2 protein chains.
Amino acid sequence: MMDTSGKHQNSAELQPVSGGVCAPRGFLAAGVHCGIKKENGDLALLYSEVEARAAGVFTTNLVKAAPVLLTWERVRDGRLQAVVVNSGNANACTGPLGMENAKLMARITAQELGLKEELVGVASTGVIGVPLPMNRVEKGIKQAVKELSPDGGTQAAKAIMTTDTCPKEVAVRVEVGGTLVTVGGMAKGSGMIHPNMATMLAFITSDARIDPGLLREVLKEAVERTFNMITVDGDTSTNDMVLMLNNGQAGNPEIKKRTPGYQVFSRAVEYVCTHLAKTIARDGEGATKLLEVVVNGAATTRDAQRAARAVAASNLVKTAVFGADANWGRVMCALGYSGANFNPDKVGVWIGPVKVVEGGRAAQYNEEEATRALQGQDVVLRVDLGVGNGQATAWGCDLSYDYVRINGSYRS
Amino acid sequence: MMDTSGKHQNSAELQPVSGGVCAPRGFLAAGVHCGIKKENGDLALLYSEVEARAAGVFTTNLVKAAPVLLTWERVRDGRLQAVVVNSGNANACTGPLGMENAKLMARITAQELGLKEELVGVASTGVIGVPLPMNRVEKGIKQAVKELSPDGGTQAAKAIMTTDTCPKEVAVRVEVGGTLVTVGGMAKGSGMIHPNMATMLAFITSDARIDPGLLREVLKEAVERTFNMITVDGDTSTNDMVLMLNNGQAGNPEIKKRTPGYQVFSRAVEYVCTHLAKTIARDGEGATKLLEVVVNGAATTRDAQRAARAVAASNLVKTAVFGADANWGRVMCALGYSGANFNPDKVGVWIGPVKVVEGGRAAQYNEEEATRALQGQDVVLRVDLGVGNGQATAWGCDLSYDYVRINGSYRS
C-alpha cells in the first residue's frame, strides 16, 4: 500500500469485499461450539473444494505447540485442503499425547471430508499445558463438517477467538491479467503478542493461480511488514501460525515473478495482512487505543523496524498513551535502547501533528495540543531518526488497568 | 554469596552494619530539598574526606543524559572525591545546555568543597527533556555542603528517590587481612528498569585499600550478577549509573588479585549490590511482590541469565504473579523465546516448593498449594533446563493496577 503508483489507481485496484476467508471462490468455512470453552465458538473449519497451494510462517518460540510442529511439517509439501482450529486450549506443553491429539484432529477431519490426512492443517490457541478434551473436539469436527458453508467465514472467525473482543476478518478483490482475484483472511490475537514471532493465528485464502514457489515469498514478505510489526505485551506465543491457502479457482493466468500481476497480488495479500494485524493490535488485551509508530530516516529498514517496535512495545510509552500524557522522553528512551543506530541530537518526534522533539530536545509546542493528539482512539507517533532512508511502521496499543485485570486471572 | 565456604564461615565474614554510604570510614553525606520536586528531598551530596579511587558502570542506552556522559568521562581517571545527585529532573535530551548544567553542578560543588572540578561526579534522575532549574540546584548544593555529616546516609538515600516508596541503603563489614573493611551503598530505582542496562542509580562506598585496576573488575562483576539481573518494566533508562568510591581509610594491606582478601571484599561488594538490587525490584512501580527467578541446568551462565531475565520480565508472568494464578505455561513460553538453548521436554518448573512442570509438561501437583506459593510477598520461581550446569538468578516484581496508575500520569 505504500507504492508509488498513485492513490487513485491504488484504490481502484484494491476493492474491499465481504465474506472473509470465504470471499475467494471455492472456500467453505464453519465455526461451532463443542465445549472446549464454557461458551462461544471454539472449533473452526476451513475447507477448499479443491486441493490448494499452501504456505505458512510459524512461531520462533523454542517451545512449540504440537499443532505448530505438525502443520509446519505438512505445509512443507506446499499443499493443504483443509485447516481445523480450536480455541480454549493451546495443546502446548502436553508431551507425546499432545502430538497424538493434534494428529487425531487432522485424521478425524480428513475422514469426515474424505481427504488424505496430509492435506489437513491443525492450529490451536488457549491455555497451555492441559490435554485436549478429544471427545468434544471430535463431536465439534463432525458438526463443523456438516455446517461448512460459503457464508461460514464470520462463524469461523468467531470460533478462533480467545480474549479477543471481536472477530477479525477481511477480504479484497484485485484484477490480475484481466481476471478478478480475491484474497480473504481471518485472525485471532489479543495477548501474548510480540514482534519476534512468526505471528499469532491467521488464515489467508485466495483463489489466485500462482507459481507455488512464489506463494511462500509473497506471504513471508507480507508477514514481515504486518504481523511481525505488531506487539501487545512483548510475549511471543508458543502457538503462532499464519497459513495461506491458494486454490487457483479464479482461473487467472498463473502469477509469475516480476510481472504486474505479482505486484498487484502482493499488495492484496499485504492489504489483508495489514488489516488483520492492525485489528489485532487495536483489540490488544485491555486496549483502549491503537498505537501506530512510524519511523522514517533510519540508516536501514531493519533499524527502522527495531526503532518502531521498541517504541510500540515500551510499557512506559504504552501507559503514557493510556493516560494521554505527552511524555516524549519515554519515546527517546525506547529509541535509545532499540538497537537502531542514530545520533540523538538529530531526532525529531511528532505526537499526531504536533512536533514535540526537534534536534533531540523539546521543540516549541503547545502541551494541550499534544495531549489532545493522545486522546483519540488512534494515536500516531512519528519519528525521524535523521540518518538515512529506512522506514517502517509498527502497531501496538496502550497499557490499561484492564490488561492487568484480564491477565491476573486468565485461567479462571 | 554463593561460594563453597559454608554457611557458618560466610555469615561470620559478612556483618551487616548501619549507616549506608557513610558506614565506611571517611565518608560524609547530605540530602536536602531545593525545589526541583514539589516536595521531599531532591538533592544529595556524597563526599569522601580524602581523594577516592573510583569506578563506574553506565547505561547502554544510546540516548545518554548529560550527567552520564560527564561522569563517564571523569571516572576514566579512576578518581573522585564527591558526587552530587539530583532527583526530579533527568537532565536528558536537553542539548548543549544540559551538558553546561551538568558541568555547572560539578563546578559549584567543587568550589563549595574546595576541590578540583574533575573530582566531582554528577548524576540525575527524573523527567526527561526539561532544563534543570539551576538557581534551585545551586541553592541546594550550598545547603547540602553545610549539612554534610557522617550520619547523612539516609537523608542522601531519601533525596535521590523519584517514584521509590522507600530509601534504599545497606552496609556490611568484613575482615581483610586482619583489618575491618566496610562497604556501604545507596540506590534509587522503581521504574524504567531492565537488565540490558548498566544499571539505575547506585552509589557504593568503601574504606578498603585496593589495587585501582581491581576495583573496576570487582564492581563490574558484582553489577553483572545483581543490578543487571533485575527488571521492572523492560525499559532501559537514559540515566543509569553505578559509581563506587573507595577511599582506603580502613588501612588494610592493599587488596590484590587471587588473594583471600580479594574474595572476601568481592563478596562484600556483591552483598551490598544484591541487597540494593532486590530492594529496587521489590519497590518496582506498583509492585506488591518480589519475584525471584532461579534458573539451573542451563548450557551456559549466559543462557541461564537470558532465561531468568525473560521469565522475570514477562508481562504475562508478572500479571499471573499479581493475580496468584499458577499459569506455568507462561513461564514455559518465556523460556522458549528467551534465546536460551534447551530441549522443552527436559524442563522442570517449581512455584515455591511446588513442582508444576516435569519433562516439559504438567507435573502432578495440588493447584491450591501452587496458588498459596504465589500469595506471599516473596514469590520464587525455579527452573531446571536440564542441559548443563549454568545457573543465574533474576529479580523482578508483579505487574499491578498501580503500575498503570503511576505511569499513566507520571509528569502531573
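In this report, we go over the structure that sits alongside the text. These figures come from a predicted structure and were not determined experimentally.

Take the overall build of chain A next. Scanning chain A from N- to C-terminus turns up 12 helices and 15 strands. In terms of C-alpha radius of gyration, chain A reaches 21 Å, essentially the compact-globule figure of 22 Å for 412 residues. Dimensions along the principal axes, computed over C-alpha positions, put chain A at roughly 70 × 55 × 30 Å. Each of the 412 residues in chain A was classed as buried or not, and the buried ones make up 63%. A fraction of 81% describes how many contacts in chain A between residues 6 or more apart in sequence connect residues 24 or more apart.

With that settled, consider the packing of helix α6 (residues 212-225) of chain A against helix α7 (residues 260-282) of chain A. All names here are of chain A. One way to put it is that α6 packs onto α7 with a least axis distance of 9 Å and a crossing angle of 40°. Judged by the inter-axis angle, α6 sits oblique to α7. In this structure, the crossing between α6 and α7 has a hand that is right-handed. Between α6, through V218, L219, E221, A222, V223 and R225, and α7, the contact on the second element is made entirely by F265, S266, V269, E270 and C273.

Residues and elements named next belong to chain B. Read from one edge of the open sheet, six strands run β13-β12-β11-β14-β10-β15, paired in mixed fashion. Strands at the two margins of the open sheet, each flanked by one partner only, are β13 (361-362) and β15 (390-397). Judged from the seven bridges that link them, strand β10 (residues 290-298) and β15 form a sheet pairing that is antiparallel. Residue pairing for β15: V294 is matched across the bridge by T393.

What follows covers unusual backbone geometry. Residue and element names in this part refer to chain B. Not every positive phi belongs to a glycine, and N40 is a case in point at roughly 70°. Looking at where N40 falls in the secondary structure, it is placed in the loop between β2 (27-32) and β3 (43-58). Accessibility expressed as a C-beta count within 10 Å gives 13 for N40, which makes it partly exposed. Even without a glycine there, the phi angle at A324 is positive, about 50°. By the element assignment, A324 lies in the loop between α9 (315-322) and α10 (329-337).

What follows is about the nonpolar core. Counting 284 residues, the largest nonpolar core has A29, L45 and V311 of chain A together with V311 of chain B as its most contacted members. If near-sequence neighbours (up to four positions away) are discounted, V311 of chain A is found in contact with V293, V317, V331, A334, L335, L381 and V383 of chain A.

Glancing now at the pairing of strand β6 (residues 168-176) of chain B. Residues and elements named next belong to chain B. Counted residue by residue, β6 has seven buried out of nine residues, so it is predominantly covered. One ladder, built from two bridges, connects strand β1 (residues 15-16) with β6; its direction is antiparallel. Residue P16 lies in a different strand from β6, and its bridge partner there is V172. Here β6 runs beside strand β7 (residues 179-187); their pairing, made up of nine bridges, is antiparallel. The residue of β7 that forms the bridge with E169 is M186. What sits between β6 and β7 in their antiparallel hairpin is a turn of two residues, with G177 showing a positive phi close to 55°.

Right, let's get into the sheet that holds strand β12 (residues 354-358) of chain A. Residues and elements named next belong to chain A. Spatially, β13-β12-β11-β14-β10-β15 is the arrangement adopted by the six strands of the open sheet, whose pairing is mixed. Each edge of the open sheet is held by one strand with a lone partner, namely β13 (361-362) and β15 (390-397). Note: strand β11 (residues 348-351) against strand β14 (residues 378-384), four bridges, orientation antiparallel. For I351, the partnering residue across the bridge sits in β14 and is L381.

With that out of the way, let us pick up the pairing of β3 of chain B. Both faces of the sheet carry side chains from a regular strand, because those side chains alternate between them. Residues and elements named next belong to chain B. Burial analysis of β3 places 13 of its 16 residues in the buried class, the great majority of the element. As paired strands, β2 and β3 are joined by six bridges and run antiparallel to one another. Its bridge partner lying in β3, A29 is registered against L46. Sheet analysis places β3 next to strand β4 (residues 79-89), joined by seven bridges and oriented antiparallel. Looking at the pairing, L45 lines up with V84 of β4. Note that β3 and strand β9 (residues 241-246) share six bridges and pair antiparallel. Residue pairing for β9: G56 is matched across the bridge by L243.

Let's shift gears to the environment of E51 of chain A. Residues and elements named next belong to chain A. Here E51 is to be found in strand β3 (residues 43-58). Expressed as a C-alpha distance, the spacing of E51 and M229, which sit 178 residues apart in the sequence, is 31 Å. In contact with E51, not counting residues within four places along its chain, are R79, Q81 and L119.

What follows deals with helix α3 (residues 95-113) of chain B. Residue and element names in this part refer to chain B. When the terminal C-alpha atoms of α3 are compared, their 28 Å separation across 19 residues agrees well with the 27 Å that a helix rising 1.5 Å per residue should span. For α3, the full list of buried residues reads G98, N101, A102, M105, A106, I108, T109 and E112. Mapping the buried residues of α3 onto a view down its axis gives an arc of 160°, with all of them on the same face. In this structure, the buried residues of α3 make contact with β3, α2 (66-75), β4, β5 (120-127) and α4 (134-147). Backbone geometry just downstream of α3 places G114 in the positive-phi region, at approximately 70°.

Turning next to the environment of G386 of chain A. Residue and element names in this part refer to chain A. Locating G386 in the fold gives a position in the loop between β14 and β15. Exposure remark for G386: the 17 C-beta atoms within 10 Å place this residue in the partly exposed category. As a C-alpha pair, G386 and G129 span 257 residues in sequence and 47 Å in three-dimensional space. Once residues within four sequence positions are removed from consideration, G386 is found in contact with G297, F342, K346, V347 and G348.

Conventions adopted
- Residues numbered from 1 in each chain as written.
- Chains lettered and ligands numbered in written order.
- Predicted model: local features only at pLDDT ≥ 70, side-chain atom pairs only at ≥ 80, totals over all residues.
- Helix = DSSP H or I, 4+ residues; strand = E, 2+ residues; numbered from the N terminus.
- Rg over C-alpha atoms; globule rule 2.2 N^0.38 Å.
- Buried ≥ 20, exposed ≤ 12 C-beta atoms within 10 Å, placed from the backbone.
- Contact = placed C-beta atoms within 7 Å.
- Axes fitted to C-alpha atoms, helices over the stretch in contact; angles between N-to-C directions.
- Parallel < 35°, antiparallel > 145°, perpendicular 65-115°, else oblique.
- Left-handed = near helix turned anticlockwise from the far one by under 90°.
- Pairing = 2+ DSSP bridges.
- Core = buried A, V, L, I, M, F, W, Y, C linked by C-beta atoms within 7 Å.
- Expected span 1.5 Å × (residues − 1).
- Arc of directions from axis to C-beta.

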